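Fold and contact review
In case you want the letters, here they are:
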Amino acid sequence: MRILWQDMRYGARMLLKNPGFTLIAVLTLALGIGANTAIFSVVNAVLLRPLPYPQAERLMMVNTTNLARGITNFGVALPDFREWARRNQSFERMAAYSTNSYNIAGAEAPERVVGAQVSADLFPTLGVGVAQGRGFASAEERYGKHRVAILSDELWRRRFGDNAQPNGQTLKLNGELFTVVGVAPRNFQFPDQTVKLWLPLAVADDSEYNTRGNYWLSVVARLKPGMSITQAQQDVDGIQHQIAHEVKSVGDFGASLVSLHEATVGNVQRALLVLLCAVACVLLIACANVTNLLLARAAARQREVAIRTTLGATRLRIVRQLLTESLLLSLLGGVCGLTLAWWGVDALIGLAPKLPRLAEVRVDGRVLAFTCGLALLTSLLFGLAPAAQAAKPDLNEALKEGGRGTAGSARSRRVRNVLVAAELALSLILLVSAGLMVNSLLRMQRVNPGFRTDHILTLQISLPLTKYPDDPGHLELAAGFFQQLVERVKALPGVQAAGVSSALPLTNSGWGKLFSIEDRPAPKALDKVPVVQYRQVSGDYFNTLGFALRKGRLLNERDTRDTLSVAVINEALARRYWPNEDPLGKRVWFGPPEDLIPPDLMPPNFDAKNFRFPRFTIVGIVGDVRHNSLLQNGRPEIYTPHTQSVIGKFPDTSRSMYLALRTTTDPLSLINAIRHAVLELDKEQPIADIATMEQLVATSLSQARLNTWLLALFALLALALAAVGVYGVTAYSVTQRTHEIGIRLALGASLGDLLKMIVWQGMVTALLGVGVGLAGSFALTRLLTALLFGVSATDPLTFGGLALLLALVALLACWIPARRATKVDPLIALRCE
């Protein structure tokens, strides 16, 4: 220990003696270690750390599949969930849930929050208890006894304060009073961070939510100890087979299992791993740079090492001393890097609001251990080669008066050149990867979404079921509410057009419906009936968002329940079902052919023999709109007037609508006026999800933009470090060859020839690194395929352009010290020994 302390004191003195070298080395390492620590903190929280539930590896998501339609993952029908929970032999518990929005009214201004209807077993399945109060009782799943709630800690404190207790507190949700029975733990976020309250999963017996035709639930289950996913999959497959045998209408529906962890983070896993690999490359480049610095420093210290050797120091003692200095550099770089990581983590949290498990991202003990381990590893990576070289000096040469310290120079020069080539190769891999991502992002931003984005404000209004239940009279009131609202909004100063829709582009809203065409042969089975995306809109919605009319007419205010039921379709639907004919005038309905209606999919006392779906006549075709994502082509869609959806035995007027308005002024300046218009119609009705269409487009690209700019930042950092490495090696080489340069100049060598010689010697190494980098890029960028849009992972322009850029940067880094060498005075150079 005494010798180690002695080595550290001596190493510290040597580092302080060369502050320029120490500063550059520490800063280089801090950048590499800091970037790695920041990204690792995200990877650790999102991918590596178990979910915050006891024995979280046993938690599974169970989904429905329909292979006949090519669908491998969607919701679960309530009757199926009940059968799975009753018959399975693989799970300790099984719970179902569904998220929705709820209007909260009270003494404060009304607000809307996201909540979840959950079965009573949800909290026990997750292994989580409430922080205050109690959980749900199974009896509270019965409709009529369901008006109890568990609140998130944040909502509880905001509505009732820190000192209140959940004993008799009530909350008015969607017009009904709910008793608060419990408060969730402070950091509990299930199914995600947007959910602020939980209600019992209770539906009326005659509700459409209680049928096998409505796949609206998500299911989470806890495996029994020792039970594998394969065994559980076989179990639920057997149950689905039994249900299909018992219930003819089920069709080709199956079930699939995936771990809750994968279901939570699977969408971001590839991007995070790519970023982690990128910062690892940056760290390797930083280590290579510091290694070159230490190699140069070792050559300058050969006389010192030779003296210590002649005085009896062993090679092991010298290596240990030099590694101690490297360790001190790494520790200093680690401390500075950790400081940068703190800032970097905060920046990442601000830039990635939709990242799953974002609240868990922090610099914790595991991240600190990672940083310490990284510092130790880097000290070995960049310290071993210089220490080994310095420990074997040529004593005769090193001890000469004025010896130039050239011993081992050929070997060290080869090491330095290899390191520079490796730096350039890694830099090119990062540059090409970033170039592909930037190219992809630019193509995403140039995509025509099919609608206008400028000067458009959007918001959502959800009318409560208690005020507008599922009967024609109340649904007409709901339709009337939105009609009046649109009229009032149109009258506001600066509003050019306004309309409502049940689904808005880029909001993950909307739903699919079974779709049938009149005078077409009917499918032979229910699972062969096509599904289309269905939207209810008001007449001016198309003009508000600037949808392109291709043929026929748009919907308008004259399309009411007293006129012909009409619909507008998009080009994708027209191409699929009327490829060689005009769809205008054709009649369609939403549902299967009446003779395929299975009684068990319909409410009790349903008269299937005398039932007929309302028909809609197609009157127009609009251009395709990228509703779900800018990266997905338009899917078959059909639009009907919101006012005509009341027609029929099963009216389905949407109570949750998006309001869109186009303005001549700043759209956000109208928020208060719109809120006032809504409160005039219903004093308990909040508005939510306020955003401009430009913000929605930006949000839809936020993850891709974050991935791209982070990768581009790391690539530029790698390029800068590689350029410094090339410059440093070339400059050191020029310094070591000052005597040779003087002789060449004295013998008549031209400045141009000397410049070309030095530059070419540096460029040979650089071009080798570029060649290796191109090969590595070709092999590795294929891993980016899933993250790219509209560009090949082997795009030749990106490869060629960035390889040329790196070569030019390397050329500049070689040229600067070479040009300085041409200005050497031969007389001074010849006296240099």
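Treat the numbers as computed from the prediction; the structure is a model and nothing was measured. (Residues numbered from 1 in each chain as written. Predicted model: local features only at pLDDT ≥ 70, side-chain atom pairs only at ≥ 80, totals over all residues. Heavy atoms only, no water.)

Before going further, it helps to spend a moment on the packing of helix H21 (residues 751-780) against helix H22 (residues 796-821). Running from N to C, H21 and H22 cross one another at 155 degrees; their axes reach a closest spacing of 9 Å. By the angle between their axes, H21 is roughly antiparallel relative to H22. Between H21 and H22 lies a crossing whose hand is right-handed. Together, Leu754, Leu755, Ile758, Val759, Gly762, Met763, Ala766, Val770, Leu774, Ser777 and Phe778 of H21 and Phe799, Ala803, Leu806, Ala807, Ala810, Leu811, Cys814, Trp815, Ala818, Arg819 and Ala821 of H22 make up the contact between the two elements. Residues that form the contact of H21 with H22 fall into these classes: 19 nonpolar, two polar and one charged. (Axes fitted to C-alpha atoms, helices over the stretch in contact; angles between N-to-C directions. Helix = DSSP H or I, 4+ residues; strand = E, 2+ residues; numbered from the N terminus. Parallel < 35°, antiparallel > 145°, perpendicular 65-115°, else oblique. Left-handed = near helix turned anticlockwise from the far one by under 90°. Contact = heavy atoms within 4.5 Å. Nonpolar A, V, L, I, M, F, W, Y, C, P; charged D, E, K, R; others polar.)

This part covers the pairing of strand E11 (residues 215-223). Within E11, seven of the nine residues are buried, which leaves it mostly tucked inside the rest of the structure. Pairing geometry for strand E1 (residues 59-66) and E11, over four bridges, is antiparallel. Pairing of Leu59 across the sheet is with Arg222, part of E11. With two bridges joining them, strand E3 (residues 76-77) and E11 adopt antiparallel strand pairing. The partner of Ala77 across the bridge, within E11, is Tyr215. (Buried < 20%, exposed > 50% of the residue type's maximum accessible area, 1.4 Å probe, protein only. Pairing = 2+ DSSP bridges.)

Moving on, we get to the nonpolar core. If you look at the biggest cluster of nonpolar residues, it comprises 74 residues, and the most contacted ones within it are Ile39, Val46 and Phe714. Elements that contribute at least two residues to this core include exactly helix H2 (19-48), helix H8 (269-300), helix H10 (315-351), helix H13 (409-445), helix H19 (702-736), H21 and H22. Not counting residues up to four positions away in its chain, the partners in contact with Phe714 are Ala35, Ile39, Leu275, Ala278, Val279, Val282 and Leu430. Core analysis: the second largest hydrophobic core is formed by 29 residues, Leu545, Val625, Ala691 and Phe789 among them. (Core = buried A, V, L, I, M, F, W, Y, C linked by side-chain atoms within 4.5 Å.)

Summarising the element assignment, Ser516 is placed in strand E15 (residues 511-517). If sequence neighbours within four positions are ignored, Ser516 has contacts with Val529, Val588, Trp589, Gly591, Pro592 and Pro593.

Moving on: the packing of aromatic side chains. What describes a pair of aromatic rings is the distance from one ring centre to the other and the angle between the planes of the rings. The full count for this structure, using the stated rule, is 19 aromatic pairs. A ring pair is formed by Phe74 and Tyr215, whose centres lie 5.2 Å apart and whose planes are at 65 degrees; its orientation type is edge-to-face. In this pair, Phe74 sits in strand E2 (residues 71-74) while Tyr215 sits in strand E11, placing the two residues 141 residues apart along the sequence. The exposure class of Tyr215 is partly exposed, given its relative accessible area of 22%. A ring pair is formed by Phe188 and Trp198, whose centres lie 5.3 Å apart and whose planes are at 50 degrees; its orientation type is tilted. Of the two residues, Phe188 sits in the loop between strand E9 (176-183) and strand E10 (195-200) while Trp198 sits in strand E10, which places them ten residues apart along the sequence. Taken together, the ring pairs connect Trp511, Tyr534, Phe590 and Phe616 into an aromatic cluster. In this arrangement the basic side chain of Arg615 is found over the ring face of Trp589, its NZ or CZ atom lying 3.6 Å from the centre. (Phe/Tyr/Trp six-rings, centres within 6.5 Å; stacked < 30°, edge-to-face > 60°. Lys NZ or Arg CZ within 6 Å of the ring centre and 35° of its normal.)

Moving on, we get to unusual backbone geometry. Across the junction of Phe190 and Pro191, the peptide omega takes the value 0 degrees, indicating a cis bond. Counting through the fold element by element, Pro191 comes out in the loop between E9 and E10. One non-glycine residue with positive phi stands out, namely Leu506, at about 65 degrees. Tracing the backbone shows Leu506 in the loop between strand E14 (495-501) and E15. Despite not being glycine, Asp519 shows a phi value in the positive range, around 65 degrees. Mapped onto the secondary structure, Asp519 falls in the loop between E15 and strand E16 (531-537).

Before going further, it helps to examine the state of the cysteines. Taken as a whole, this structure holds zero disulfides when the rule is applied. Cys277 takes part in no disulfide bond, and the closest cysteine sulfur, belonging to Cys281, lies 7.0 Å away. Given the relative accessible area of 52%, Cys277 is considered exposed. (Disulfide = S-S within 2.5 Å.)

With that settled, consider a nonpolar patch on the surface. Judged by side-chain polarity, Leu27, Leu31, Leu340, Trp342 and Trp343 come together as a nonpolar surface patch covering roughly 520 Å² of accessible area. Elements represented by at least two residues in the nonpolar patch include exactly H2 and H10. If you tally residues by element for the nonpolar patch, the top one is H10, at three residues. Topologically, Leu340 is positioned in helix H10. We classify Leu340 as partly exposed; its relative accessible area is 31%. (Patch = residues over 30% accessible without salt bridge, like charges linked within 9 Å, V, L, I, M, F, W, Y side chains within 5 Å. Areas by Shrake-Rupley, 256 points an atom, 1.4 Å probe, with all protein chains shown as cover. Salt bridge = Lys/Arg side-chain N within 4 Å of Asp/Glu carboxyl O.)

Here we take up the pairing of strand E12 (residues 254-259). Burial runs high along E12: six of the six residues are buried. Every second residue of E12 is oriented toward a common face, with Gly254, Ser256 and Val258 on one face and Ala255, Leu257 and Ser259 on the other, all of them buried. Bridge count for E1 against E12 is six bridges, and the pairing is antiparallel. Bridging across to E12, Met60 finds its partner in Ser259.

Quick look at the pattern of salt bridges now. Throughout the structure, instances matching the rule amount to 35 salt bridges. The residue Arg49 makes a salt bridge to Asp364 at a minimum N-O spacing of 2.5 Å. Remark: Asp364 occurs in the loop between H10 and helix H11 (365-390) and Arg49 occurs in the loop between H2 and E1; sequence separation between them is 315 residues. Each member of the pair, Arg49 as well as Asp364, is classed as buried. The shortest N-O distance in the salt bridge between Glu637 and Arg535 comes to 3.3 Å. Placement of the pair is Glu637 in strand E21 (residues 637-641) and Arg535 in strand E16, with a sequence separation of 102 residues. A relative accessible area of 2% places Glu637 in the buried class.

Now for the environment of Ala715. Tracing the chain through its elements places Ala715 in helix H19. In this structure the C-alpha to C-alpha distance between Ala715 and Cys281, which are 434 residues apart in sequence, comes to 9.2 Å. Each residue touching Ala715, except ones within four places of it in the same chain, is listed here: Leu430, Leu431 and Ala434.

Before going further, it helps to spend a moment on the confidence of the model for the chain. Taken over all residues, the pLDDT of the chain has a mean of 84, while the share at 70 or more is 86%. Taken together, the stretch residues 401-408 has pLDDT below 50 and engages in 13 contacts with residues farther than four places along the chain or on a different chain. (pLDDT = per-residue confidence, 0-100.)

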